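# A look at the structure
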Amino acid sequence: MRLTLLGVLALATLACCQETCHSSDEDPYVLFGTKTAYTFANQGIPFNRAHDVPGCQPIAIWLLNRHGSHNPEADEIADLQKLSDLKNNIIANYRKGNFRDTNIRMCPSDVNLLERWEWNPRQNITFAGDLTSDGYISTQQLAQAWKQKFPGLLTDNLHDYVFKYVNDQRSSTTFRAFTEGLFRAREDTYDITKENDEKLLRPEKFCSSWINNVEENNDTLTQLRTFESKQEYKEMISNISLRLGFNYDIQKEIMKQMYQMCRYNKAWDVSQISPWCAAFSKDDLKRLEYAEDLETYYKYGYGTPMNQQLGCTGIKDMMDFFKTHVERAAPQQPRARVQLADAAQLLLALAAAGARRDAAPLTGDNYHSAVAQARKWSASAMAPFSGNFAAVLYKCTPNSNLQINDQYQVLFMENERPLNLEDCRVGLCNYTFVKNRFGLIADNCNLDFCNSATKASSIIGLSLILVFITKLL
């Protein structure tokens, strides 16, 4: 009588060894950098009502919101499809018992989950990069959550809004999902004010200096390459290979494709177990998360000074919006400015705001340091799917709150939670302070430095301002 693969592995387990078992882990590691599901990014953070400020009423909200989970990009599909062949080889290894070290192999239930995995034919070029059904629903739910927090700002009046997003399929789908969440699928949202502002939401695409000096500069990924050259990183690949039953080290790119599928699967359905995640231990997943943090830190964050200059466009948009509401006595419309953007713009804007700055830079050599292990710069926390950065302007009644000495206040929020900034109280800042700090960035924000002719003077000028702001932070 032929034994099933599960039966064969179960008998082998009784005979020899301990195994890692992802499918029965009650506390799996679920932070996957920019592919982290929104619910995991907020996991463990207690909910509070910081948006209720005694003696103050919200009068305007500026919101930068990343899209939800999406299908693989067009240039990813071919490589990810090849995982079907890899899966067959892994299953063959387990049938044959190809193990040099049986103590680190996958458990029978993990192997059987992998055996049932198949490439979804809907993950094709037609739907490449567009929102998944989960991404669509989570975007609707997030819009509803914002409306519940600020019902006086996020009303059913279409004139209270202006939306800004880029002209592509994913952004258009995100706009539709967000507005359906706000207005409960009303069909007249075509009247809502919307703008396609590519230079605001994708400034890096229009900046030749950034493209040449950051995106296409090999030095940008120096720290990532240093980390990947470490012996422990090489040993990680060896252990992953052994876990899959290979007697040789698989290629680094194949390992990364498995990781990409692992985190895609988990973002598409947070309640299900991704069979590809079983290829990795928790320590493996933490190293791969750090590797992406090294990439984003230098590509969009503090590791490259030009990034803060580029991110100033978001700060300027926010300050221009608030200025209208502060300088005019009568209530103004729109009261909500919503930007629908990608992870790059979210990270650039947070960096320009001086958020999540670490005491020391992240490097390929300091993974085990206290700074790196407790780092503030974390793509999982900053730019998960549906990640957001919001600023809410409040107008306060004099003497109504003894802790408030400014008529206007601004509450900064990251993923619906207060964003801690120096000299502010749990994300709540005096408008005078905001005007002095961020107004300086806004007033000097332009992309002239992107052009080689004006690059030097612009970079020096705004760099000096950012150095000053950094000292304040």
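About the cut-offs
- Residues numbered from 1 in each chain as written.
- Predicted model: local features only at pLDDT ≥ 70, side-chain atom pairs only at ≥ 80, totals over all residues.
- Heavy atoms only, no water.
- Helix = DSSP H or I, 4+ residues; strand = E, 2+ residues; numbered from the N terminus.
- Buried < 20%, exposed > 50% of the residue type's maximum accessible area, 1.4 Å probe, protein only.
- Contact = heavy atoms within 4.5 Å.
- Disulfide = S-S within 2.5 Å.
- Phe/Tyr/Trp six-rings, centres within 6.5 Å; stacked < 30°, edge-to-face > 60°.
- Polar contact = N/O pair within 3.5 Å; in protein donor to acceptor, adjacent residues only side chain to side chain.
- Expected span 1.5 Å × (residues − 1).
- pLDDT = per-residue confidence, 0-100.
- Salt bridge = Lys/Arg side-chain N within 4 Å of Asp/Glu carboxyl O.

With that out of the way, let us pick up the overall build of the protein chain. Within the protein chain, the regular secondary structure consists of 20 helices and 8 strands. By residue count, 55% of the 473 residues in the protein chain fall in the buried class. Put simply, 78% of the contacts in the protein chain that link residues at least 6 apart link residues at least 24 apart.

Turning our attention to the state of the cysteines. A full pass over the atoms with the stated rule returns 6 disulfides. A sulfur-sulfur separation of 2.1 Å characterises the disulfide bridge that pairs C56 with C396. Taking the sign of the torsion about the S-S bond as the criterion, the disulfide between C56 and C396, at about 100 degrees, is right-handed. Placement of C56 in strand β1 (residues 56-66) and of C396 in strand β5 (residues 388-396) is noted, with a sequence separation of 340 residues between them. Exposure remark for C56: the relative accessible area of 5% places this residue in the buried category. Listing the disulfide partners of the protein chain by sequence rank of the bonded cysteines yields 1-3, 2-8, 4-12, 5-6, 7-11, 9-10.

Inspection of every chain in the model, using the stated rule, returns 24 aromatic pairs. Judged by centre distance (5.3 Å) and plane angle (80 degrees), the rings of F163 and F175 are edge-to-face. With F163 in strand β2 (residues 161-165) and F175 in helix α7 (residues 169-183), the pair connects residues that are 12 residues apart, well separated along the chain. On the basis of relative accessible area, F163 is assigned to the buried category, the value being 0%. Taken together, a centroid distance of 5.4 Å and an interplanar angle of 50 degrees make the contact between F246 and Y248 tilted. In textbook terms, an aromatic cluster arises when at least three aromatic residues are bridged by ring pairs, as seen for Y161, F163, Y165, F175, F178 and F183.

Quick look at the environment of N446 now. Tracing the sequence through the fold places N446 in the loop between α19 (431-443) and α20 (455-472). Sequence-wise, N446 and Q309 are 137 residues apart; in three dimensions their C-alpha atoms are separated by 8.4 Å. There is a polar contact of 3.0 Å between the side chain of N446 and the backbone nitrogen of D448.

Time to look at α7. For an α-helix, the turn length of 3.6 residues means that residues three or four places apart are oriented alike. Compared with an ideal rise of 1.5 Å per residue, which puts 15 residues at 21 Å, α7 spans 21 Å between its outermost C-alpha atoms and is within 8% of the ideal. When we look at burial in α7, the residues that qualify are R170, S171, T173, T174, F175, A177, F178, T179, G181, L182 and F183. Looking at the buried residues of α7, the elements they touch are β1, α6 (133-149), β2, β3 (193-196) and β4 (336-341). Count one or two residues on from α7 and you reach R184, which has phi positive near 55 degrees.

Next up on the list: the confidence of the model for the protein chain. Chain-level pLDDT for the protein chain is 89 on average; 89% of the residues reach the 70-or-more range. Low pLDDT (under 50) marks residues 6-17, which in the prediction has 19 contacts with non-local residues, meaning those over four places away or in another chain. Contacts from residues 453-461, a stretch scored under 50 in pLDDT, to residues over four places away or in other chains number 13 contacts.

Turning to the environment of W276, a few remarks are in order. Mapped onto the elements of the fold, W276 is located in the loop between α12 (252-268) and α13 (282-299). A C-alpha to C-alpha distance of 9.9 Å links W276 and Y264, two positions 12 residues apart in sequence. In this structure W276 touches L83, L86, K87, I90, L114, W117, M258, M261, C262 and N265, once residues within four positions along its chain are discounted.

We now examine the environment of N112. Its place among the elements puts N112 in helix α5 (residues 108-116). Through-space distance from the C-alpha of N112 to that of I91 is 8.7 Å; in sequence the pair is 21 residues apart.

Where side chains of opposite charge bring their charged atoms close, a pairing between them can arise. Evaluation of the coordinates by the stated rule reveals 23 salt bridges. For K252, the salt bridge is made with E228, and the minimal N-O distance between the two is 2.9 Å. Of this pair, K252 sits in helix α12 while E228 sits in helix α10 (residues 222-228), placing them 24 residues apart in sequence. The closest approach of N and O atoms between R243 and D284, which form a salt bridge, is 3.3 Å. With R243 in helix α11 (residues 231-243) and D284 in helix α13, the pair connects residues that are 41 residues apart, well separated along the chain. On the accessibility criterion, R243 (5% relative accessible area) is buried. Among the charged side chains, a salt-bridge network with shared partners connects K164, E195, D317 and R337.

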